[in-house]
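Chain by chain, the residues:
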Amino acid sequence: MFSKSFRVKSNTVIKGSDRRKLKADIATAFPSLSVEDLSELVPNKEELNVVKIYAHKGDAVTLYVLHKTPVLFELEKCLYPTDLMLPGVVVPLSGIPEVKKGDCCAVKVVSNRAPMAVGTATMSSAEMRSLGMKGRGVSVLHTYMDSLWAFGDKSGPPSIPDVDTEGVEATYEEEEEEDDDEATEGGEEEPCPNRVPDAPCPGIQELSLADREEGEHGKEEGEDPEDLRSPQEQMDALLLQCFLQALKSKVKKSELPLLTSSFLRIHMFSCCPSGKQLDIKKSSYKKLSKFLQCMQQQHSLVRVKELSKGVESIVEVDWKNPELRSFRTPKDPGIEEASVEVGRAEGEKPYHPPEITTLYSVSSRLEPLFQDAKKRKGTVLQPAEVRAIITDYVKRNELVDENNKNYVIINPILCDCLLEKSEYQEVEALKWDDLFSRTLYKMQHCHQLVFPGQPPIVKKGHIEPIDISVASRGSNKKVTMIKNLEVYGLDPMAVSVALQHRVQASSALNPVPGSKDRVLVQIQGNQVQQVCKLLLDKYQIPCKYIQGLDNKVQKPGRKK
């Protein structure tokens, strides 16, 4: 199921009630687990994330991630996993473990008890024995070194000796030696279809390499003094570094007084090194106001004042503070690359907007008008081609008014094709511009999209604009929604990630109601202005193809 890469829909911290429910569900599914085992799987105080993903076949899966490593996953609908065939299973001396159909199973290699794969049993142990160990035994859901393994810390499984299979391995070696001796005495050896060629046990080399890499990685980590600190202390240090860097390189004297929320969102977040994430809740301060209060009282770096009720602002910065003057901005070359490559997947080509052309299709009503030009119903034409065909028809039938050449005389065909029933007795001639506009209006609208390096795509109807809307959620909370990105060849996931980096707000992808292939990008707050800048400046989408620009946040004007 995880043999190919998957798409992450959301990543949130689990709630206290959901944590307790998860523990209860695990205890029900695995009654043999002790209280200590449950606490190790689902700790009470450590951060546990709920990650919702879509597998490559569209199956919805929920991951429970602890320390950036998936520890549990839950299937939300029917899946189509890979099967483990019973003829390749080594039966231990104690026999096959007793399982029922649908029970969770772990697959291991010979001489190592560490699981290499997990899945569900397709039949009971009694059925396996009655069938002579033939057929499908386990539906494999997750294996070592698949995409789910790569989503975590990529550590290798431990090497745990398996007492039950040591005798089996020795028996196999003796049987192989006897077979070799018989083959030597009898001459040429006949190929045996059930015999496995001499090869190392699958997973053993990977285990040794993984252990070696893990050891080297641990040695490198031991040399880094930062890893000796707790995660809270590391976040405190990162918070102070971003704070000092923002004051020294971002904030200008003319910007003061500066809202503390704007200082965090615009300046501090942009100073965070690549590969790290600034999260005040993971620090010892927990809140921005407490951190700024510490910077004011203990370090005397800034002065914070409540200019309006409940809204704090930085009103003064001590630019001559020794701690600020001695601070050196750390070099992080990855920041510029990350800002350029935001929203672009690894190896993905840069985005180029499509060339959009308006076309017109011949309708059944106008077919007699285009019959002389051999254009049948459904023929797609450009506006210039339509104009040339109409001009040629008028001149060939000598319909130009002799007294005023700006007018065209209406004949029966033009009357049936272009005029309404109420105009049959009233209109005898039309201006050239009116003739062309009526013709285009009566034709069916189409549009053509040309992406670089791809053949043209012609679709009926007007092209759908990128729709930007703002909706209310809960008590005065706003969310910005963007849809129809796929029409212009934009990846919704890439746009979502780019907006996350730009506005430092959470985003999610939701399916568009009534559409199978469309995805809706949703981001917290009224971010219409930032979305417009992203679409116009980075993706170079023309303004006429963006709908909802009037939903920008309007700054209150001065009262007269």
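For the structure itself, consult the block above.
The present account deals with the structure reproduced in this document. Keep in mind the model is a prediction, meaning the values are calculated, not measured.

Examining the nonpolar core
Here is step 1 of the chain: Counting residues in hydrophobic clusters, the biggest one holds 31 residues, and the most contacted among them are Phe 243, Phe 263, Met 268, Phe 291 and Val 302.
Here is step 2 of the chain: When contributions to this core are tallied by element, the ones reaching two or more residues are α7 (231–249), α8 (260–268), α9 (288–297), β10 (302–308) and β11 (311–317).
Here is step 3 of the chain: Ranked by residues supplied to this core, first place goes to α7 with 8 residues.
Here is step 4 of the chain: Apart from the residues lying within four places of it in its own chain, the contact partners of Phe 263 are Phe 243, Ala 246, Leu 247, Val 251, Leu 258, Met 268 and Ile 314.
Here is step 5 of the chain: Counting residues in hydrophobic clusters, the runner-up holds 28 residues, among them Ile 463, Ile 482, Leu 535 and Tyr 545.

Quick notes on the pairing of strand β2 (residues 48–54)
Here is step 1 of the chain: In terms of residue burial, β2 counts as a mostly covered element, since 5 of its 7 residues are buried.
Here is step 2 of the chain: The pairing of strand β1 (residues 7–13) with β2 spans 6 bridges and is classified as antiparallel. Within the sheet, the bridge partner assigned to Ser 10 lies in β2 and is Lys 52.
Here is step 3 of the chain: Pairing geometry for β2 and strand β3 (residues 60–66), over 7 bridges, is antiparallel.

Structural notes on the pattern of salt bridges
Here is step 1 of the chain: Overall, the coordinates contain 10 salt bridges when judged by the stated rule.
Here is step 2 of the chain: The residue Glu 316 makes a salt bridge to Arg 303 at a minimum N-O spacing of 3.1 Å. Remark: Arg 303 occurs in strand β10 and Glu 316 occurs in strand β11; sequence separation between them is 13 residues.
Here is step 3 of the chain: By relative accessible area, which is 40% here, Glu 316 ends up partly exposed.

Quick word on α8
Here is step 1 of the chain: Here α8 has its buried residues at Thr 260, Ser 262, Phe 263, Leu 264, His 267 and Met 268.
Here is step 2 of the chain: Structurally, α8 contributes buried residues whose contacts are with α7, β9 (258–259), α9, β10 and β11.

Structural notes on unusual backbone geometry
Here is step 1 of the chain: The omega torsion across Leu 256 and Pro 257 is -5°, close enough to zero to call that bond cis.
Here is step 2 of the chain: As for its position among the elements, Pro 257 is in the loop between α7 and β9.
Here is step 3 of the chain: For Lys 286, which is not a glycine, the phi torsion comes out positive at approximately 70°.
Here is step 4 of the chain: Among the residues examined, Lys 286 registers a relative accessible area of 44% and is labelled partly exposed.
Here is step 5 of the chain: Look at Glu 398: it is not a glycine, yet its phi comes out positive at around 55°.
Here is step 6 of the chain: Along the chain, Glu 398 falls in the loop between α12 (383–396) and β14 (407–409).

Examining the packing of aromatic side chains
The relation between two aromatic rings is expressed through the spacing of the ring centres and the mutual angle of the planes.
Here is step 1 of the chain: Tallied over the entire structure, the rule returns 6 aromatic pairs.
Here is step 2 of the chain: Each ring, one from Phe 243 and one from Phe 263, has its centre 5.8 Å from the other, and the planes form 85°; the classification is edge-to-face. Taken together, the positions of Phe 243 in helix α7 and Phe 263 in helix α8 put the pair 20 residues apart, joining distant regions of the chain. Like Phe 263, Phe 243 is buried.
Here is step 3 of the chain: Centroid distance Phe 243 to Phe 291: 5.3 Å. Interplanar angle 90°. Geometry classified as edge-to-face. Of the two residues, Phe 243 sits in helix α7 while Phe 291 sits in helix α9, which places them 48 residues apart along the sequence. For the residue pair Phe 243 and Phe 291, the accessibility class agrees, reading buried in each case.
Here is step 4 of the chain: Following the ring pairs from residue to residue traces out a cluster consisting of Phe 243, Phe 263, Tyr 285 and Phe 291.

What to know about the packing of α8 against α9
Here is step 1 of the chain: Axis separation between α8 and α9 bottoms out at 11 Å; the angle between their running directions is 90°. By the angle between their directions, the pair α8 and α9 is classed as roughly perpendicular. Here α8 contributes Thr 260, Ser 261, Leu 264 and Met 268 to the contact with α9, which in turn contributes Leu 288, Phe 291 and Leu 292.
Here is step 2 of the chain: Split into classes, the residues belonging to the contact of α8 with α9 amount to 5 nonpolar, 2 polar and no charged.

Procedures and definitions
- Residues numbered from 1 in each chain as written.
- Predicted model: local features only at pLDDT ≥ 70, side-chain atom pairs only at ≥ 80, totals over all residues.
- Heavy atoms only, no water.
- Core = buried A, V, L, I, M, F, W, Y, C linked by side-chain atoms within 4.5 Å.
- Buried < 20%, exposed > 50% of the residue type's maximum accessible area, 1.4 Å probe, protein only.
- Helix = DSSP H or I, 4+ residues; strand = E, 2+ residues; numbered from the N terminus.
- Contact = heavy atoms within 4.5 Å.
- Pairing = 2+ DSSP bridges.
- Salt bridge = Lys/Arg side-chain N within 4 Å of Asp/Glu carboxyl O.
- Phe/Tyr/Trp six-rings, centres within 6.5 Å; stacked < 30°, edge-to-face > 60°.
- Axes fitted to C-alpha atoms, helices over the stretch in contact; angles between N-to-C directions.
- Parallel < 35°, antiparallel > 145°, perpendicular 65-115°, else oblique.
- Nonpolar A, V, L, I, M, F, W, Y, C, P; charged D, E, K, R; others polar.

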